Each structure stands twice: as structure tokens, then as C-alpha cells.
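Summary of structural features
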Amino acid sequence: MPDYSQTINKIEKHINRNSINSLSSCLFNKDEVLFSYSSGIARKSYDKGVDHRYASLDTKYQIGTFTKLLTAIAIMQLKDKGKLSLFDDIRKHLKDFTIKKRYNENEIAIRDILNERSGIPSSNYNLYTKNSENDYHDVVEYLKDQYVICPPNAMEAKSDLGYTLLGIVIEELTSMRYIDYINEFIFKPLDIEAIFIEKEEDYKKYKNILDASYDAFGQEVIEPIKCLIPSRSNICLSVNDMAKIVSLFLNEGKYEGKEVVSNKSIETMLEEPAFKNEVPNISKIGNALTFSHKYDSSLGLTIFVSGENIYNQIFITILKEKGICCVVAGDSYNGIEKIEDVCIDILKKTTNTEYKSSTSSSAKTNYLQCRIEDYAGVYPSTNKQALIYLGNHLTLAYKNKKYRMRLKQDGYFELEERKYFFKKIKNKCALVDKNGLLSIYTKKDNGDLEVDVVGYQARTDDINPSWKKALGVYRISQFDESNPRLYEKMTLTIENGYLMMILQRNCTKRFVTAGVINNKEAIALGYGTESYDTISLHLSNIKYCGMSFYKVRESSLNKEKVKKVNTEREARREQKKKIDKMFDFKWWM
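Below is a summary of the structure that appears in this document. (Residues numbered from 1 in each chain as written. Predicted model: local features only at pLDDT ≥ 70, side-chain atom pairs only at ≥ 80, totals over all residues. Heavy atoms only, no water.)

**Focus: the overall build of the protein**
Short version of the rule: The helix and strand labels rest on DSSP assignments: H or I over at least four residues marks a helix, E over at least two residues marks a strand, and numbering proceeds from the N terminus. Buried residues are those whose accessible area, probed at 1.4 Å on protein chains only, stays under 20% of the maximum for their type, while exposed residues exceed 50% and partly exposed ones sit between those limits. Residues count as neighbours in contact if any of their non-hydrogen atoms are within 4.5 Å of one another. All accessibility values rest on the Shrake-Rupley procedure with a 1.4 Å probe; residue burial counts only the protein chains present in the view. Here Asp and Glu are counted as negative and Lys and Arg as positive; His is not counted, and neither are the chain ends. All charge positions are set by atom: Lys at NZ, Arg at CZ, Asp at CG, Glu at CD.
Helix and strand counts for the protein come out as 14 helices and 31 strands. Expressed as a percentage of the 589 residues in the protein, the buried residues total 53%. In the protein, once contacts between residues fewer than 6 apart in sequence are set aside, the share between residues at least 24 apart is 60%. Accessible area of the protein: about 29,700 Å², with a carbon and sulfur share of 47%. Averaging the positions of the 88 positive and the 80 negative side-chain charges in the protein gives two centres separated by 7 Å.

Now the structure itself:
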């Protein structure tokens with residue numbers, strides 16, 4: 001049995017350094033729990049004589065996108081009962097669903113949605129949170145005016161709207177509400193007592209069980225009530241509850257000898273997918289599970305699923321070959337990466353994996369010559385643009401940093417970042433494939449590999465007069481402060497010859513590079529999630545991801561033109577006044 005004392009010390013360091021308020025973890029195989037540890041305060045007490053409530057394996061966390069795994073299991077159950085096939089077009093079970101075509105795409109199969117490769121747009125920010133007007137069934141109506149972002153199975157692009165459609169399919173085939181079906185056929189067989197948050201009052205009702213969320217200033221905050229239930233639900237589960245769900249993958253779909261989902265379906269879900277034109281060394285999603293080789297090689301293939309909200313984060317990893325699972329849930333405003341680090345540290349200790357940094361070789365590296373025009377240009381992403389250009393040397397500018405590029409082999413560059421005058425950092429590489437897709441690889445200190453797929457190399461397009469006239473500052477039509485996905489301000493400008501939308505909420509900014517299609521439509525360029533979503537222009541309004549913006553100020557790029565128009569308009573007014581005065585008979589008398 002491994003000694004986990006060092007792992008516990010690492011967990012405590014993660015908690016202290018990264019402002020993790022509470023954390024619960026559990027490591028197990030199909031027979032027993034190998035390790036469990038909880039730390040931090042699940043709910044603070046401000047009353048005298050009343051102690052804080054500390055985190056435990058029974059503390060309930062809001063699961064967020066972990067709901068997609070529940071939706072996938074429910075779809076597999078219906079497949080086992082013969083009610084659907086993974087190769088069925090979703091329109092077969094959802095007659096009202098239509099979406100505009102931009103490509104000569106094939107049918108959108110249920111399997112494509114499960115694999116996050118359906119081409120259905122990513123999200124509708126306006127439907128993200130629940131209010132009196134929003135309902136996740138509105139997704140069907142919303143998608144009637146949207147385009148597919150790519151042909152089905154052509155590119156991985158996570159879609160909350162796609163999984164929401166699967167939830168509606170479950171309702172159509174079972175004549176049950178999605179939540180009722182999940183409770184009856186997944187939670188009850190696993191002996192799970194889940195908490196369903198349907199209104200803010202429920203937080204107070206279950207406050208003695210739920211984890212409380214705290215912001216950077218230590219103030220208690222309430223997670224918004226989500227609307228897209230089948231993809232981001234308000235279900236609250238404990239680490240023990242999630243361990244029961246994931247144990248199905250170690251026990252052939254059975255729990256305490258009773259079948260919840262067939263072993264054939266479990267094998268289908270655990271089979272590593274293979275797709276055409278996939279990015280090398282990147283994680284792949286299949287049936288709501290993510291398959292990755294990015295961690296230390298001794299861990300082998302890691303299968304994981306995560307659930308993320310603003311403050312509650314969940315990270316679950318399955319090592320199929322070793323037959324073990326690790327579940328970690330926490331409460332932190334710093335994001336899921338810190339919870340992920342805790343999970344991987346536990347697994348490395350269990351498998352006796354200790355990362356050792358590779359020793360630098362004194363051998364001289366031979367670099368190759370390259371044709372600058374083959375690589376130089378703009379690579380629009382779903383956030384900031386990447387730019388490759390020739391200065392004193394070939395340079396990559398991305399996310400406010402600049403790297404010197406040295407070609408090692410065809411399309412594969414070593415990136416060198418200068419820091420503190422003479423210090424050079426060489427922990428990144430860039431790959432530009434034959435299709436012009438730029439990916440950046442970063443090797444972390446612990447040996448894990450991180451891949452950032454930026455986007456395709458693009459050529460400057462002519463921006464037609466309609467979009468040039470639309471440049472300026474916009475405000476959202478209806479702003480809901482409780483909805484973290486909405487942006488209250490948008491600036492439409494031009495950068496490096498491309499339309500650029502700068503979305504802003506308080507101090508947070510998001511940069512979206514757009515490619516113009518026609519006078520009224522443009523698309524968000526990049527690769528993966530939230531790429532190729534449609535941006536619509538109608539008079540002085542712009543619509544994007546369910547948000548509608550109205551113009552409040554002209555762009556400085558149009559000021560000269562506006563000044564000229566205003567001068568001409570003023571001259572016409574003065575001329576009209578003179579004419580009116582000539583025919584004013586009272587003036588003559």
C-alpha cells in the first residue's frame with residue numbers, strides 16, 4: 001500500500017496556494033477504496049458557538065457539465081432497450097428540429113453529438129441561466145435560425161446545445177421529464193440521493209448538505225441556476241455519489257450485481273475513438289468521455305470527465321488498464337486546472353510514478369531553413385489572433401507573448417521565449433500542419449503535455465461596406481447580472497485586416513476574429529468550441545450566440561467619414577434655413 005503522506009502534503013499546498021475553499025477526493029478500484037481525503041471548509045459559520053462545516057465525501061457539489069455523462073449513459077440505456085441507434089439521425093426522434101445548411105453535410109447522428117463532433121453551435125448565452133422566460137426546450141426554436149458550424153464528424157467542437165437536444169430526445173422516447181428519467185433509471189439503481197436545485201430558495205433548504213461557494217474576497221456567492229439542464233444541470237452530488245456512477249466502468253455496467261447499463265454499452269463508451277484529420281497528441285472525446293495521452297507516459301491512456309461551474313469543479317479520471325478511478329471535487333474560483341492537478345498527483349503516487357525532468361543535452365541542435373511565406377500570416381483563434389511574421393527572425397506573437405521560431409522538421413518549430421534579459425525558455429513547440437492548422441504544445445514542469453489548438457492560417461478578406469459601416473461600440477439589449485456568460489458591451493473593429501469583436505464584461509474581455517460571408521453574416525474564426533458560430537447584422541443590431549447588441553457609438557475608424565457626412569448635412573440645413581427665411585412673409589412685413 002503506497003504511503004500517501006507526501007500526496008496529502010501536496011494537496012494541502014494546492015489548497016493553500018490556489019485558494020481552494022474545500023476539496024474531497026476518493027481513489028478506488030472495483031473492490032475497495034484505496035485512498036480518500038477531504039480538507040477545507042464546506043460552509044463557514046459566523047454564529048458564536050457554531051463550528052464551521054468541514055468538507056467530507058458526503059458534501060454535495062453542483063456537477064455542471066458532468067451532466068453530459070449522465071445524458072450519455074441514458075442514451076446507452078435506450079439503445080440497450082432498442083429504442084434508438086447511435087447511428088440514427090437526430091431528426092428521426094426529434095421531428096421539429098431543423099438547422100440551416102452551409103455545407104453539403106450528411107445527417108447529424110446521435111453518435112456525432114455524443115462525440116462532440118456534430119457541427120451544432122456551441123451555446124446560447126442568453127439561455128445559459130434559468131429565469132421565468134427561459135426553458136431548455138427553446139433550443140429547438142433557436143437552432144432553426146442558426147447554421148451548422150462544420151460538416152458532422154469533421155471537427156471536435158463541444159456543444160451544450162447538442163447535448164440539450166439529446167435530453168429532449170430522451171423525453172420524447174420515454175414520455176418522462178429528463179430529470180425524472182435520470183433519477184429513476186440512474187440514481188435510484190445506484191442508491192444515490194441527488195439534490196435538484198430548481199430555485200435559489202433550494203440553496204437555503206439544503207445548506208447543511210451543499211458546499212457553499214466563496215469568491216476571492218471570502219464572500220459567499222450563489223451559483224446561477226442553469227437552464228440547459230441535459231448539458232449543464234443544477235444537480236448536486238457528493239464524491240461518494242460520483243464514485244458509484246464511475247464504478248459502472250469498472251464493473252461491466254453493474255452495481256452490487258444489478259445491471260444499470262449493458263456491458264456492451266460500457267465497452268463502447270470505453271473504446272478510444274479514432275477520427276480522420278485529428279490533431280496529433282490532442283485529447284479526443286467519445287461518448288462524453290475524454291481520452292488523453294497528455295500525462296506522464298507511465299499512466300498510459302487516461303480517460304477523464306470533468307464538471308465545471310463558476311466555483312464548483314469536478315475532475316474524474318479512469319485508468320482502464322490499471323482498473324482504478326479517482327474522483328476529486330472542489331470549490332475554487334481559480335478554475336478546474338487546480339482540481340485536475342490534485343487528481344493526477346494522487347494517480348501518480350498510486351502507480352509509483354515520479355516525474356523526473358529530462359537533462360538538457362549539450363549536443364548542438366540542427367535547425368532547418370524554411371520558406372517564410374509558407375508560414376507567415378494571421379491564425380485567428382476563438383479568442384486572440386496568433387501572428388507569425390519576420391522581424392529580426394521568424395516570430396510567433398500570441399497571447400501577449402513573442403517567441404522565436406526555429407524549424408526542426410517539416411512544419412514543426414521549437415519556440416524560444418526570452419525572459420530576464422539573457423534567460424531563454426524552451427518548453428514550447430509549434431506545429432503547422434499541411435492544412436495550415438497551428439497548434440502550440442507546452443511541456444509542464446511535471447512532464448504533462450498541454451496542447452493549444454489555435455486555428456487555421458487565413459488570408460485577409462475584403463470587408464464589405466455594410467460591415468465597415470457597422471464598426472463601433474454596442475451594448476447588449478437585455479443584460480442579466482446573474483448570467484456569467486453574458487457580455488454587456490461589444491466593440492466591432494478591424495485588426496490585421498479582419499473584423500474583430502471585443503466582448504467585455506467588467507474587466508473581462510474576449511476577442512473574436514470574424515470572417516465576412518455576405519452583407520449580413522460573418523462567422524467566428526478559429527478551431528473547436530465556439531468557432532464558426534454565426535454573427536448576424538441587421539440594421540444597427542448584431543446578434544451572436546443568443547446575445548443581441550445595439551449600436552451606441554461610431555467607431556473612430558469611421559469618424560472622418562461621419563464628420564464629412566455631418567458637415568454636408570449641416571450645410572444642407574443652413575441652406576434650407578436661408579430658403580425658408582426668403583419665403584417667410586412675416587420677416588418682410
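Right, picking up where we left off after that structure.
**Thoughts on the sheet that holds strand β5 (residues 195–196)**
Let me state the cut-off plainly: Two strands pair if DSSP finds at least two bridges between them.
The sheet built from three strands is open, its strands ordered β4-β8-β5 with antiparallel pairing. Looking at the sheet topology across the chains shown, the edges are occupied by β4 (61–64) and β5.

**Section: helix α5 (residues 160–174)**
Heads up, the rule is: Any helix carries an expected span of 1.5 Å times its number of residues minus one.
For α5, spanning 15 residues, the distance from its first C-alpha to its last is 21 Å, which sits close to the expected 21 Å at 1.5 Å a residue. Burial of α5 is extensive: 13 of the 15 residues sit out of reach of the surface. S175 sits one or two positions beyond α5 and adopts a positive phi of about 55°.

**Regarding the pattern of salt bridges**
What counts, and what does not: Only one rule defines a salt bridge in this text: a Lys or Arg side-chain nitrogen within 4 Å of an Asp or Glu carboxyl oxygen.
A full pass over the atoms with the stated rule returns 20 salt bridges. With a closest N to O distance of 2.9 Å, E220 and R43 form a salt bridge. Of the two residues, E220 is situated in strand β7 (residues 220–221) and R43 in strand β2 (residues 33–43); the sequence distance between them amounts to 177 residues. The salt bridge involving E530 is made with R510; its shortest N-O contact spans 2.8 Å. Taken as a pair, E530 in the loop between β28 (521–524) and β29 (534–538) and R510 in strand β27 (residues 508–516) lie far apart in primary sequence, 20 residues in all. Across this residue pair, the class does not change: E530 and R510 are buried. Here the salt bridges share partners, and the residues they tie into one network are K68, E116, D160 and R232.

**Describing the pairing of strand β18 (residues 394–398)**
Judged by how many residues are buried, β18 sits mostly within the fold: five of five residues are covered. Of the two faces of β18, the one lined by L394, L396 and Y398 and the one lined by T395 and A397 are each fully buried. The loop that links strand β17 (residues 386–390) with its antiparallel partner β18 comprises three residues. The sheet contact formed by β18 and strand β19 (residues 401–409) spans four bridges and is antiparallel. If you follow T395 over to β19, its bridge partner there is R404.

**Here we look at helix α8 (residues 239–246)**
Among the eight residues of α8, seven are classified as buried, and the element is accordingly described as predominantly covered. Among all positions of α8, only V239, D241, M242, A243, K244, I245 and V246 are buried.

**Structural notes on the sheet that holds strand β3 (residues 53–54)**
Across the sheet, eight strands lie side by side as β3-β2-β1-β15-β14-β13-β12-β11; this open sheet has antiparallel pairing. This sheet does not close on itself; its edge strands, each paired only once, are β3 and β11 (284–286).

**A closer look at the nonpolar core**
What counts here: We call a set of buried Ala, Val, Leu, Ile, Met, Phe, Trp, Tyr and Cys residues a nonpolar core when their side-chain atoms join them within 4.5 Å.
One finds F66, L69, L70, F187, L237 and I245 to be the most contacted residues of the largest nonpolar core, which totals 81 residues. The contact partners of L237, leaving out residues within four places of it in the chain, are T59, K60, Y61, I63, F66, F187, I192, A194, M242 and I245.

**Some points on the packing of aromatic side chains**
To keep it simple, the criterion reads: Side-chain rings of Phe, Tyr and Trp (the six-membered ring for Trp) are treated as a pair once their centres are within 6.5 Å; stacked means planes under 30 degrees apart, edge-to-face means over 60, and tilted covers the remaining angles. Charges are assigned to positions over rings by a cutoff of 6 Å between ring centre and Lys NZ or Arg CZ, combined with an angular limit of 35 degrees from the ring normal.
By the definition in use, this model includes seven aromatic pairs. Their ring planes at 55° and their centres at 6.5 Å tell us that Y125 and Y487 sit as a pair that is tilted. Placement of Y125 in the loop between α3 (110–114) and α4 (138–143) and of Y487 in the loop between β24 (472–476) and β25 (489–495) is noted, with a sequence separation of 362 residues between them. Accessibility classification places Y125 together with Y487 in one group, the buried group. Both rings, one in Y375 and one in F413, keep their centres 5.0 Å apart while their planes meet at 85°; by these two values the pair is edge-to-face. Taken together, the residues Y375 in helix α11 (residues 372–375) and F413 in strand β20 (residues 412–419) connect sequence positions 38 residues apart. Of the two residues examined, Y375 and F413, each falls in the buried class. The cationic tip of K384 hangs over the ring face of F511; the distance from NZ or CZ to the ring centre is 4.6 Å.

**Re the environment of Y181**
With respect to the helices and strands, the residue Y181 is situated in helix α6 (residues 178–187). Y181 sits in the buried class, given a relative accessible area of 1%. Once the C-alpha coordinates of Y181 and I170 are considered, the two residues, 11 residues apart in sequence, prove to be 8.1 Å apart. Residues contacting Y181, with those up to four places away along its chain left out, are A74, Q77, L78, K81, I170, T174, M176 and I186.

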